[in-house]
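Now for the letters of each chain:
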Amino acid sequence: MSRRLAPLKSQLVELIALLEAGIDFAEDDVSVAPDDALLARLDPIAQGLDALASTFRFGRLVHSGFSLAILGRPNVGKSSLFNRLLEQDRAIVTEIPGTTRDLVSETASIHGIPVKLVDTAGIRDTQDRVESIGVRKSYEALADSDLTLVVLDASAPLERLDHDLLDRTAQLGNRLVAANKCDLGTCPELPAGALPVSALTGGGVPELRQAVYDAAVPRHASSEDSGFITSLRHERLLRESLEALSRARAAISARLPHEMLLLDLYSGLRSLDAITGATTVDDILDRIFSTFCIGK
Ligand code: GDP
């Protein structure tokens, strides 16, 4: 962790040194970089920290997995799709006992990440009583899930319940839509981004699995990463540092005095120090004197 953090921390110390030099040695004509140059130094640090922090989510995902609620009106093929998604890694499928009566839940693995699939069977027989218990259970499952998969029947016109589901899930931000039964043809009014699949033939299922994976796993993180953070403390400190750097970014944009900007940068540095060990005043002075032509 220290090794991966070291280059980013060093860049941050350099940026601090640059600003300190501009303030403390103004009479020595040390020219401080213009705002866009400051941003050009700050942004890669923030990106690096963000990438590192994201590996925490990946580490946690590998550990505990995520849940995917499958929603749709009766007969669109939820159960069939559920079974299709489970199929690939049959060997590690486990039954999870004690789940809510109306919800079927099993765990599959998608690219090595455990996915708890929740088939919200409860939405059955509820077309006329939208507020029925079954629907409520389904929507509860939806609220508890990391990801939601709305299943539509691509071979028939969309119905009121389909629209209701699409509307209710639209703002979730972690929703996927599968247009099932596309072996029977596709209806023209499918929402943009709906993934064509057929639970019957298995067509489109690999793409759906990939889409589920992509939606759940942060972009920077992957299993090829040489390692990921598993410590909640490290994750929190990285996030704190990122928040401070983002305040610094805002300070640059608002053209606040560099003294203010430095406060945020030091705050960001302190969070990193808590992981790697403290940065001393000497570290910063050394950087100033090695970078600028200033007599000690
Ligand atoms: P659920 O009520 O949403 O869980 O739907 P089911 O999985 O029970 O499927 C309802 C019916 O649709 C069953 O007769 C399935 O065989 C059929 N079905 C499911 N998926 C497909 C598909 O992709 N293509 C076709 N042609 N039929 C399907």
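That block above? That's the structure.
Quick look at the structure, then. These numbers were taken from a predicted model, which means no experiment stands behind them.

1. Quick word on helix H2 (residues 35-64)
Step number 1: The end-to-end C-alpha distance of H2, which contains 30 residues, comes to 43 Å, matching closely the 44 Å that a straight helix rising 1.5 Å per residue would cover.
Step number 2: Of the residues flanking the end of H2, it is Gly-65, one or two places downstream, whose phi is positive at about 75°.

2. Thoughts on the pairing of strand S5 (residues 147-153)
Step number 1: Among the 7 residues of S5, 7 are classified as buried, and the element is accordingly described as predominantly covered.
Step number 2: Two strands pair when backbone bridges link them, and strand S1 (residues 66-71) and S5 are joined in this way by 4 bridges, in the parallel orientation. Paired with Leu-68 across the bridge in S5 is Leu-147.
Step number 3: Strand direction decides the pairing type here: S5 and strand S6 (residues 175-180), joined by 6 bridges, are parallel. Note on S6: the bridge partner recorded for Leu-152 is Ala-179.
Step number 4: Where the polypeptide runs from S5 across helix H5 (residues 160-170) and back to S6, its parallel neighbour, the crossover connection is right-handed.

3. As for the environment of Leu-52
Step number 1: By the secondary structure assignment, Leu-52 is in helix H2.
Step number 2: Between the alpha carbons of Leu-52 and Leu-5 there is a distance of 8.4 Å; along the sequence they are 47 residues apart.
Step number 3: Not counting residues up to four positions away in its chain, the partners in contact with Leu-52 are Met-1, Arg-4, Leu-5, Ile-229 and Leu-238.

What counts, and at which threshold
Residues numbered from 1 in each chain as written. Predicted model: local features only at pLDDT ≥ 70, side-chain atom pairs only at ≥ 80, totals over all residues. Heavy atoms only, no water. Helix = DSSP H or I, 4+ residues; strand = E, 2+ residues; numbered from the N terminus. Expected span 1.5 Å × (residues − 1). Buried < 20%, exposed > 50% of the residue type's maximum accessible area, 1.4 Å probe, protein only. Pairing = 2+ DSSP bridges. Right-handed = clockwise from strand over helix to strand, strands pointing away. Contact = heavy atoms within 4.5 Å.

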